Structures are given as structure tokens and as C-alpha cells.
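# Survey of secondary and tertiary structure
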Amino acid sequence: MSKSLPYSVKDVHYDNAKFRHRSFFKVITQTLFTSDMKRECVSCSTGKFLGLFMIFGLACLMLTHASKTPSVTDGLSKGLGTNEEQKVVTDVGLRFKKLLRRAPRLPPRLSGNEKVSSGIFTGKPNEHDEEKWKARQRNVKEAFTHAWSGYKKFAMGYDELLPLSMQGFDGLGGLGATVVDSLDTAMIMGLEEVVSEAGSWIESNLLERISQKGDVNLFETTIRVLGGLLSAYHLSGGDQDMNLANTGPKPTIYLEIAKNLADRLLSAFTSSPTPIPYSDVLLKNSSAHPASNLLSSTSEVSTLQLEFNYLSAISGDPKYKTEAMKVFAHFKTLPKVEGLVPIYISPHSGEFIGQEIRLGSRGDSYYEYLIKVWLQLRSIQDGNFTYLYDMYEEAMRGVRHLLVQKTIPNELVFVGELPGGSKGSFSPKMDHLVCFLPGTLALGATKGITKEKAMKDNLLTIEDFENLKLAEDLAKTCFEMYSVTSTGLAPEIAYFHTKDFYEDGLGGGNQSSEYVNDIIIKFNDRHNLLRPETVESLFVLYRITQDPKYREWGWQIFQSFEKYTKVDSGGYTSLNDVTTLPPQRRDKMETFFLGETLKYLYLLFGDSSVIPLDKFVFNTEAHPFPIKDAIYLEGGSNMMKGTM
Ligand code: DMJ
């Protein structure tokens, strides 16, 4: 149930001229005055009359023959096999009205020229380029080794490294989060020594920790620890079609620990009176409770499903998937604002709390998991999960309609916030966290295959193109959030110069950036936590568009991390202020720097056939799970059970 907003949408409409509606009258007049007919008949009024007469005759002929109504979802339905049959419209009057109302919006096709001559679509870089990217990929691998060595030396077994004070810190409940978050990155990079060290630590310590520890956050533990164990299970050969680890424990060790952990985490679902889980779990006695404000974050409760579904598939036990998917089934029933949802929800009432809408903190991965869980489950024939795709599409329409604006003076596209929900005003504020969205939009548009292939196979709808266009525009803004600062690293939050908002003297510090007047960085928002979202989107966009600019942007960002966040004694550190040189350092290496940021950079510079996006889905912490036709059937397949 979507309510529309009370204020004019004109100001916040994302102007995508390429696909703007054109009236029937415009189509006719444009055809007349731009085609060959124009050249031959423009000076001859009889010719014009005959031309119009012919078009009218043709229109009448079309109207008297019943046929399918053209639909922009035709291409998609081929991919899904779940769309309703098209309605056959036989009423001539109705068809005439329809024809007058709007011209059919057809997705663009690759022109012959684009197919053969555009570097973006051929996807074949020359040999010199390949060598360059292999060398850059090695640089990322060295960065990972440096990060791990600092962690191993000063903080092995702690959740995080404090690289300046050279000690460990348990900020995530004490399950050795960096070890588990890093493991599959080391597998993908072929770092056998790290795989062996991390794997042995997990085998010897993690079960004991799980059975003794107190409070952990359900979401953080699921995405980092459970997610890390599950992808390690797969990448070490757990379900037998890939083995990126020649060392470390047997895959079943990872699975056994994952099940033990998930069994305890399930208490967050089962102790709540609604399908919305509590936010915290006491691991040692498998009990759960709400956060101190009694609320759960929308993104947290809706970012558990990829992990629990995959665990059900490989363990053969449906209980994980059953509990986790109840959350989405419940969300389906809740009122939304054009598909957008408030950032808090009550596990006691099951209702949204407050009005605040944003795609940054507490909102972000709700939208990410709608499409990713659909991608994970879509091969299940009964089509029960199509509602996830519909919710995603509606939400992205809501984003384009209500949240997207352009900056002054250079028209950077950004996604703002609605702090007062449908009754409030627009805020031109964007968390760096929102930079996951370009990748998600691109993935949702092509379903993981290249844009070139999707276009050749006629799979893209008008909405897919609009989402891809927004993905590319927004990725540029995310990149400019880096290049506008003195350090070349993005702040945690940026504001944007619009006709309603500007604050002087709050630029990023890089005076040579074209966008120094478009992007505003407030004092409290100038920190950088080594976050992955922008490089994640660059990786996905590179895979999908094959445009080398995304690799170049990623390389620039990587060099800035190297220059300003590397700590000589080992590890990398967060920064307090990205706008001043030298930047003040913060003394924390977040687990996602190894789990996500360096993994995405490594994959961005590497061979696109590694972990292909149409065969794997990355959880929100960059842990890849395979998408397989059979294994997501209720309770997992027999074949999978046999391997346990
Ligand atoms: C990660 O833990 C995940 O990507 C999450 O979805 C958002 N926050 C961090 C990275 O910034």
C-alpha cells in the first residue's frame, strides 16, 4: 500500500530524458519532420497530406486486428518465466484511447556500430592492459597480506586490530570476527598460509567461543561470522564444485560451526512475538532480547536471509530458511511510501516506527537483500518469491521518484533522505553507505550477466535501463566523493549543493576537483572507516558494463588507501578527517576492510570469470554463496544431504 507524498514531485524528479514519455502527437510529428518523408515532402503540402493519410490508415488497420499489448516486461518475463500472460485487448475503442495516451516505450537496442566498435561492449582489453591489471591486483594482495600480518601480530583472536596502539579489541562480541571475515578473501587470493592460519584458529577456538560468549548483535554476527563460515565452506570444496583452498580444515568443520552458531542465533526469531527478530542474542544460553530502545533496524532484520537460506540448502534443514523468510513475508504486508520503508521496526508490534526514510544507515541492505534473495531463490519453480522482485522494483521506482536529485552547478546525481517520511522535507544528505546502490541497481538490471549479453538477448526492460543509468550516474558521484577531498578518500557522509541547500567553506579540500562546490562535508562527517561500498559498486559495474573507467577509479581509491591509511608496523587504520593533510588517524582496522574492501578491489582488477555474478550472490559483507538451481528447494536437495 503506497501513499503518495503531499509536496510537488516535480522538483525531485530524476530527469532521464532518454526514456521520457512522448505523446502520440509528438511521435507522429517527429516522424514526419525527421524522416526521409520530411526531406521529400516538406515543401509539398499534398505530400504532407498523403503522409498523414497513410499513417491514419495504418493506425486504423492495426486497431482492427487483435494482438498482444506491447509490454516493457516482455524481455524480463523471458528471464523469469513467471510473468502473467499478456492480456489480449480486442476492444477497438480502448486500443485507440491507449494509442492516443502514449507511444510504446521500447528498450533501446545495440546499434550495429556499438556492437563492433565500442570498447565498452567488446570487453577485450589488450595484452599490455592485462599485465597492468595483474600487477595492480598483486598490489592489492600485498595490501591484504600487510593488513593480516598486523592483525596476526597484535590482535589474533580479537574481533579487530587497533593498529596504532598495536593491540586487539573485541567490538563485536568476541568471536574473532577479523579471522572469519578475512578467510574467504585469502582463499580467493590464493594465500594458503593465511587460509591455514585462519582455518586452524577457527577449528581450534570458534566453537568454544560461541558456547561461552555473551551478547552479540544478530545482524553483525550473521553477515560477518556466519556468512564467512558459509562461504569458506563452499570455497574449500564443501559442495564440491570449487576448491580454492588446498589447506586449512575440512569444509565440514566450517559447516558444523555455522550450524551451531545459527542454532543459537535462531532464538532471536523464536523468542520474538512477531516475525521480526530481536536484535541481540546471548550466545551461551541461546536466548535473545531487544535492543535498549526496544526497536530493531529495518536493514538488520532483512539482511539475514541469504545466509540462513544457504545454510538450509547445504545442511538439509529447512528451519533456518523458514524463520528468516518470515521476515520478508511480513514486510510484504506493511504499508510503504512508494516501496520505501522507515528505518526502524518494532519486534513487539511488527510495525514500522517513525517516519525516517533513507538508503544509508539502518535502511541500506533491506533494498539490497530484496533483489539478492530473489536472485538466490528465483529458480524455485513455484514462483513464491516473485513478490521480492516486485517489492524491489517498486522501491527503486520510489528512489528514482522521491530521493534522486542533481547538484548545483555540475549536476551530480545523488540519493537524498526523507527525514520526516512522506510528511517531511527532502534532505540532500547521503551516507557513504548508500554507495552500495549502484552495484545493486546494476545487478538487479542484468541479473549478473553483462549489459552487452542482456541487450543482445533482449532481456532488459525500460526500468532496467533506468536503473542502470542511475547506477552509472550514482557511481560517478560516489567516486567524486573520494576525489573531492585532500586525501582522495570519501567522508562518512556528504551533503550536496542544491537550490534549497548550500553551506560555504565546507569543501573537501581538493581545489582542483571540478566538484568542490557541489559536495559539502560537515565537520562531524569527515571520518573514513575503510568502507567498501564504492569499490563494491565499481566492481559490479565493471563486470556488467565492462567499462575500464571503473577499474581506473578503483585504482585511484586503492592508491589513496595505501598512501594515507597504511600503518608501517602492520595493518591499515580508519581516519578522523579526510579533508586535511596529513589526515588525523583513528586507530581501528574494521573487519570489512579485509572481508570486503580489499576483496572487491582484488576482483575488480582480476579476471571476470572468477566468482561470476550470475552464478554467485555476495552477502552484504562480500561473502559469496553459489546460486544453484536445485539446492534452494525446501530443506536442500538429497544430493546435498548425501555429502554432509
Ligand atoms: C558492512 O558490515 C556491510 O557491508 C554492511 O552492509 C554495511 N556496513 C559495513 C561496511 O561499511
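None of these values were measured; they are calculated from a predicted model. (Residues numbered from 1 in each chain as written. Predicted model: local features only at pLDDT ≥ 70, side-chain atom pairs only at ≥ 80, totals over all residues. Heavy atoms only, no water.)

What follows covers the sheet that holds strand S8 (residues 296–297). In spatial order, the strands read S8-S9-S10; together these three strands make up an open sheet with antiparallel pairing. Because the sheet does not close on itself, it has two edges, and the strands there are S8 and strand S10 (352–353). In this structure, S8 lies alongside strand S9 (residues 344–345), joined through two bridges in antiparallel fashion. Counterpart to Ser-296 in the pairing with S9 is Ile-345. (Pairing = 2+ DSSP bridges. Helix = DSSP H or I, 4+ residues; strand = E, 2+ residues; numbered from the N terminus.)

Lining the immediate surroundings of the ligand are Ile-223, Arg-224, Leu-433, Arg-531, Pro-532, Glu-533, Phe-592, Glu-596, Thr-620 and Glu-621. Contact between the ligand and Arg-531: an oxygen atom at 2.7 Å from a side-chain N or O atom of the residue. Here an oxygen atom of the ligand and a side-chain polar atom of Thr-620 are 2.7 Å apart. Out of a free accessible area of 290 Å², the ligand has 91% covered by protein chains. The set of elements that each furnish at least two residues to the shell around the ligand consists of helix H11 (218–235) and helix H24 (591–605). (Near = heavy atom within 4 Å. Polar contact = N/O pair within 3.5 Å; in protein donor to acceptor, adjacent residues only side chain to side chain. Areas by Shrake-Rupley, 256 points an atom, 1.4 Å probe, with all protein chains shown as cover.)

On to the UniProt feature "binding site: Ca(2+)" (unreviewed entry) in the protein, then. Cross-referencing UniProt, the feature "binding site: Ca(2+)" (unreviewed entry) maps to Thr-620 in the present numbering. In this structure, Thr-620 sits in the loop between strand S16 (616–618) and strand S17 (624–626). Here the side chain of Thr-620 touches Glu-368 through a polar contact of 2.9 Å, side chain to side chain. (UniProt positions renumbered as here; feature names shortened; annotations may be inferred.)

A few words now on the confidence of the model for the protein. On average, residues of the protein score 84 in pLDDT, and 77% of them are at 70 or above. Every residue in residues 59–101 is under pLDDT 50, and counting partners more than four places away or in other chains gives 46 contacts. Overall, residues 635–644 carries pLDDT values under 50, and its contacts beyond four positions in sequence, including any with other chains, amount to 24 contacts. (pLDDT = per-residue confidence, 0-100. Contact = heavy atoms within 4.5 Å.)

It is worth spelling out the nonpolar core at this point. The biggest cluster of nonpolar side chains holds 167 residues, and the ones touching the most others in it are Ile-202, Leu-206, Leu-229, Phe-308, Phe-331, Val-399 and Met-430. Among residues more than four places away in sequence, those in contact with Leu-206 are Leu-175, Val-180, Trp-201, Val-225, Leu-229 and Ile-257. Residues Ile-493, Phe-501, Leu-506 and Ile-520 belong to the second largest nonpolar core, which totals five residues. (Core = buried A, V, L, I, M, F, W, Y, C linked by side-chain atoms within 4.5 Å. Buried < 20%, exposed > 50% of the residue type's maximum accessible area, 1.4 Å probe, protein only.)

Let us look at the packing of helix H8 (residues 127–155) against helix H23 (residues 549–565). Between two packed helices, the angle of one axis relative to the other and the distance separating the axes together describe the packing. Two elements in contact, H8 and H23, have axes separated by 12 Å at closest approach and are oriented at 35 degrees. In this structure, H8 meets H23 at a crossing whose hand is left-handed. Counting all contacts with H8, which are made through Glu-130, Lys-132, Trp-133, Arg-136, Asn-139, Val-140 and Ala-143, the residues of H23 involved are Arg-551, Glu-552, Trp-555, Phe-558 and Glu-562. Residues that form the contact of H8 with H23 fall into these classes: five nonpolar, one polar and six charged. (Axes fitted to C-alpha atoms, helices over the stretch in contact; angles between N-to-C directions. Left-handed = near helix turned anticlockwise from the far one by under 90°. Nonpolar A, V, L, I, M, F, W, Y, C, P; charged D, E, K, R; others polar.)

Moving on, we get to the pattern of salt bridges. All chains considered together, the criterion is met by 32 salt bridges. We note a salt bridge from Glu-452 to Lys-456, for which the minimum N-O separation is 3.5 Å. Of this pair, Glu-452 and Lys-456 are both found in helix H20 (residues 451–456), four residues apart, which corresponds to roughly one turn of the helix. Exposure remark for Lys-456: the relative accessible area of 52% places this residue in the exposed category. Glu-562 is the partner of Lys-566 in a salt bridge, and the nearest nitrogen-oxygen pair spans 3.2 Å. Using a relative accessible area of 31% as the deciding quantity, one classes Lys-566 as partly exposed. One salt-bridge network, held together by shared partners, links Asp-129, Lys-132, Arg-136 and Glu-552. (Salt bridge = Lys/Arg side-chain N within 4 Å of Asp/Glu carboxyl O.)

The next point concerns the state of the cysteines. Counted according to the given criterion, the structure contains one disulfide. Across the disulfide from Cys-435 sits Cys-478; the S-S distance is 2.1 Å. The sign of the S-S torsion, about -95 degrees, decides the handedness of the disulfide formed by Cys-435 and Cys-478: left-handed. With Cys-435 in the loop between strand S13 (429–431) and helix H19 (437–446) and Cys-478 in helix H21 (residues 462–483), this residue pair connects regions lying 43 residues apart in the sequence. Given a relative accessible area of 1%, Cys-478 falls into the buried group. (Disulfide = S-S within 2.5 Å.)

What follows deals with the sheet that holds strand S15 (residues 519–520). Through backbone hydrogen bonds, the strands of a sheet pair up, either in parallel or in antiparallel fashion. The strand order S13-S14-S15 describes an open sheet built from three strands, whose pairing is antiparallel. Two strands in the sheet have a free side with no partner beyond their single neighbour: S13 and S15. Sheet topology note: the strand S14 (residues 493–496)/S15 ladder contains two bridges and is antiparallel. In the sheet register, Tyr-495 faces S15, and the bridge partner there is Ile-520.

Enumeration over the complete set of coordinates arrives at 21 aromatic pairs. Centre to centre, the rings of Phe-414 and Phe-496 are 4.5 Å apart; their planes meet at 15 degrees, and the pair counts as stacked. Placement of Phe-414 in strand S12 (residues 413–415) and of Phe-496 in strand S14 is noted, with a sequence separation of 82 residues between them. No difference in accessibility class separates Phe-414 from Phe-496, as the two residues are buried. A centroid spacing of 6.0 Å and a plane angle of 70 degrees characterise the contact between Trp-555 and Phe-605, whose relative ring orientation is edge-to-face. Here Trp-555 is found in helix H23, whereas its partner Phe-605 is found in helix H24, with 50 residues between them in sequence. We classify Trp-555 as buried; its relative accessible area is 12%. Note on Phe-605: relative accessible area 2%, which makes it buried. (Phe/Tyr/Trp six-rings, centres within 6.5 Å; stacked < 30°, edge-to-face > 60°.)

It is worth spelling out the UniProt feature "active site" (unreviewed entry) in the protein at this point. Under the feature "active site" (unreviewed entry), the UniProt entry names Glu-220, Asp-364, Glu-492 and Glu-533. The topology assignment puts Asp-364 in helix H17 (residues 364–377). We classify Asp-364 as buried; its relative accessible area is 14%. Ignoring any residue separated from it by four or fewer positions in sequence, one finds Asp-364 in contact with Ser-299, Arg-358, Leu-359, Leu-433 and Phe-436. Within the secondary structure layout, Glu-533 lies in helix H22 (residues 533–545). A polar contact of 3.1 Å, which involves the side chain of Glu-533, links it to the side chain of His-432.

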